[in-house]
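Listed here are the chains, written in short residue letters.
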Amino acid sequence: MTTDALEQRIRVLPESIINQIAAGEVVLRPASVLKELGENAIDAEASTISLWTEQGGKILIQVSDDGIGMSPIDAELCFERHATSKIQSAQDLYRILTKGFRGEALASIAAVAEVELFTRRPQDALGTHVLMAFGQKRLTEPVRCTPGTTVIVRRLFHRLPVRRKSLRSDLTEHRHNLQEFLRLAYPHPERHFRFYHNQTLLYDLSPAPLLERILTLHPDLPPKALLPLEEESPLFRVYGALVPPEYTPSTNREGFLFVNRRYIRHPGLQQAIYQLYKPFLPAETRPLYWLFLDIPPDQADINVTPSKTEVRLLHELEIRAMLSSIVRRTLARSTWTLPTEWLQPSPATLPSAPSAPPPAAAPPPPRPLPLNPTPPLASEKPATRLSFLVMHDRYLLLHLPPEAWLIDLVGAHERILYEKHRQGTPASPQGLLFPVSAPATPLQLARLAELLPELNAQGIHIELREGREAVLHAIPAGLPPSAGTPLLDFLLEIAQTEALPPDWREGLARHIARHGVPRPPYTLTPEAVETLWNALCACEEPNYTPAGHRIRFYLSPEALEKLFT
Ligand code: ADP
Ligand code: MG
């Protein structure tokens, strides 16, 4: 440890690096100040971080830490633009493991507010006090203070009436502050955080395991509402927790995604997760999860926006597919509840018995009905006393005493078709009365020529008319003729790529499954139901469609009984 007062860790970045950094305003509102100061405290290896705000941060924002502190020379330098101790060369931009690297936050904050800094390295006897006001240095002096750093920001935007006016009510700004606070507290459960507003201590978060931290911040969730997960793959590691649909608060509007412990928005990944939950959540509700992805920093570029809330992933598609599958598997482990609206008898679906008097008061909400998504295989053999009912032209209520199931027929057909074609089982062709044709480039025709033997084996017959077009004469038996046009389009699309996508067979199976499903309404004979059920039970994954939508729910007698108590 050095006590050299002149030790300088902070350097002003050269122009060449500055030009490679996503430029733009970082201080938009009190919450941005809180975020930047909180991130600096984390980067300074603090174990305890206290944040204070007054009047939504408009009057005061203060962040104190017990981290490494700064030397007197760094205490002055830190307010320079592009002054940072976190990167030195352009290559460092691809190895960022700290929250900060732009060296702009303190300079930007000091330009629009009064900023007071107290900082002391643990090895120094005295600290440094610096006062900045609206871009001007007012004072630097030695000071007695505890080791670590305190930054106090007062009168934000005081000299900028337009910016000040654009701030919302204290309450709204406070809400933004809290949001930023949570985004720092979730990924760092090993640190102690305190948050005060108007001198009231709102959060006192001692170091704790991640799940405990989440539950402390969500006292409304019972511990069993968290499905923990942790998986490692060559491209990334993911850990965290998911809340299954039945425990998701209907008011929930966001899930928490972190890359390298930084809160980020990534519509691609978030949408993929949402798609898995969507069939089981009310329209406005978004899934609740905390997913932490650790990705090597040279494959996750955070230098996209000044606020560093977006990330460009080198292997986005692979990560998305793997993450979807991990989330789906984790959800499948849970005990699911049938969405309650499906269970409430409504006159349209279940006419009430004529003698039943109208209910005097609204009935109590149905209790959650535990469903077993993977009952023992032995019980999946169709019983002889099979009875069934098709509801809303699409949903099959199947009774195989003592079991009962609710099945989405579209999803079930899709899964069966998918598995059949995925295994590449030879299929017989079914000639099209009206062959489908489409113009094709020489490249597309050449690619299709390579695929012909495999396609033929799957019942797909294509005629290649050199230099002009491709004509589809037959599709796999069992598909509706309407599947022809989309199938040819799909094949021309994959044939257009420089090299065939490695997963084209998987893509084809999914495509055939999606377009091969006969459309509702369904009229089913008992034999057809039995065949369908057997085929579904023989599937590797009988509970979800290839896109992750739920196919069936198990209604156990106990679960049904519980529903009516
Ligand atoms: P960046 O975090 O991008 O480097 P900042 O403007 O936020 O830029 O901070 C500038 C520098 O000031 C940091 O690189 C760091 O060396 C120093 N610094 C800021 N806050 C703290 C702190 N709480 N403790 C120790 N050093 C700090
Ligand atoms: Mg910073």
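What this report covers is the structure whose coordinates are included nearby. Every value quoted in this text rests on a predicted model; they were computed, and no experiment measured them.

**A word on the overall build of the protein chain**
Working step 1: Each helix and strand counted, the protein chain has 15 helices and 26 strands in total.
Working step 2: Of all 565 residues assigned to the protein chain, the portion counted as buried reaches 50%.
Working step 3: Taking the intrachain contacts of the protein chain between residues at least 6 apart in sequence as the baseline, contacts between residues at least 24 apart amount to 69%.
Working step 4: Entry remark: accessible area of the protein chain is about 27,400 Å², with carbon and sulfur atoms responsible for 56%.

**What about helix α11 (residues 442–457)?**
Working step 1: Counted at 1.5 Å a residue, the expected span for α11 with its 16 residues is 22 Å, and the 23 Å between its end C-alpha atoms agrees.
Working step 2: Where α11 bends most, the angle comes to about 55°, and this point is L451, followed within four residues by the proline P453.
Working step 3: Listed as buried for α11 are Q444, L445, R447, L448, L451, L452 and L455.
Working step 4: Here the buried face of α11 lies against β23 (429–439), β24 (461–465), β25 (469–476), α12 (484–494) and α13 (504–516).

**Some thoughts on the site of ligand 1**
Working step 1: Among the 19 residues in the neighbourhood of ligand 1, the closest are listed as N40, T84, S85, K86 and G103.
Working step 2: Between T84 and ligand 1, the recorded distance is 2.6 Å, taken from a side-chain N or O atom to an oxygen atom.
Working step 3: Note that an oxygen atom of ligand 1 is positioned 2.6 Å from one of the side-chain N or O atoms of S85.
Working step 4: Protein burial of ligand 1: of its 530 Å² of free accessible surface, 96% is covered by the chains.
Working step 5: Within the residue set of the shell around ligand 1, elements represented by two or more residues are β4 (83–84) and α4 (105–111).
Working step 6: A per-class count over the shell around ligand 1 returns 8 nonpolar, 7 polar and 4 charged.

**Looking at the side chain of S50**
Working step 1: Here S50 shows up in strand β2 (residues 48–54).
Working step 2: Among the residues examined, S50 registers a relative accessible area of 7% and is labelled buried.
Working step 3: Excluding its chain neighbours within four sequence positions, the residues that come into contact with S50 are Q62, V63, S64 and R194.

**Observations regarding the pattern of salt bridges**
Working step 1: According to the stated counting rule, one finds 32 salt bridges in the structure shown.
Working step 2: For the salt bridge of K35 with E39, the shortest nitrogen-to-oxygen distance reads 3.6 Å. With K35 and E39 both in helix α2 (residues 30–43) and 4 residues apart, this pair spans about one turn of that helix. Of the two residues, K35 and E39, neither departs from the other in class, the shared state being buried.
Working step 3: The network of salt bridges with shared partners includes E7, R121 and D124.

**Some thoughts on the sheet that holds strand β10 (residues 200–205)**
Working step 1: The strand order across the open sheet formed by 8 strands is β7-β6-β5-β8-β3-β2-β9-β10, and the pairing between neighbours is mixed. With partners counted over all chains shown, the strands left at the sheet margins are β7 (136–143) and β10, one partner each. Across the sheet, the axes of successive neighbouring strands diverge by a mean angle of 10°, strand direction being ignored.
Working step 2: In the packing of helix α6 (residues 170–185) onto the sheet, contacts are made with β2, β9 (192–197) and β10, and the angle to β9 comes to roughly 175°.

**Thoughts on the sheet that holds β23**
Working step 1: Taken in spatial order, the 3 strands make up an open sheet running β23-β25-β24, and their pairing is antiparallel. With partners counted over all chains shown, the strands left at the sheet margins are β23 and β24, one partner each. On average, each strand axis in the sheet is inclined to that of its neighbour by 15°, with strand direction left out of account.
Working step 2: Bridge analysis of β23 against β25 gives 7 bridges, and the strand direction is antiparallel.

Parameters and conventions
- Residues numbered from 1 in each chain as written.
- Chains lettered and ligands numbered in written order.
- Predicted model: local features only at pLDDT ≥ 70, side-chain atom pairs only at ≥ 80, totals over all residues.
- Heavy atoms only, no water.
- Helix = DSSP H or I, 4+ residues; strand = E, 2+ residues; numbered from the N terminus.
- Buried < 20%, exposed > 50% of the residue type's maximum accessible area, 1.4 Å probe, protein only.
- Contact = heavy atoms within 4.5 Å.
- Areas by Shrake-Rupley, 256 points an atom, 1.4 Å probe, with all protein chains shown as cover.
- Expected span 1.5 Å × (residues − 1).
- Bend = angle between axes of the 7 residues up to and from the residue.
- Near = heavy atom within 4 Å.
- Polar contact = N/O pair within 3.5 Å; in protein donor to acceptor, adjacent residues only side chain to side chain.
- Nonpolar A, V, L, I, M, F, W, Y, C, P; charged D, E, K, R; others polar.
- Salt bridge = Lys/Arg side-chain N within 4 Å of Asp/Glu carboxyl O.
- Pairing = 2+ DSSP bridges.
- Axes fitted to C-alpha atoms, helices over the stretch in contact; angles between N-to-C directions.

Honestly, it's all geometry; don't read function into it.
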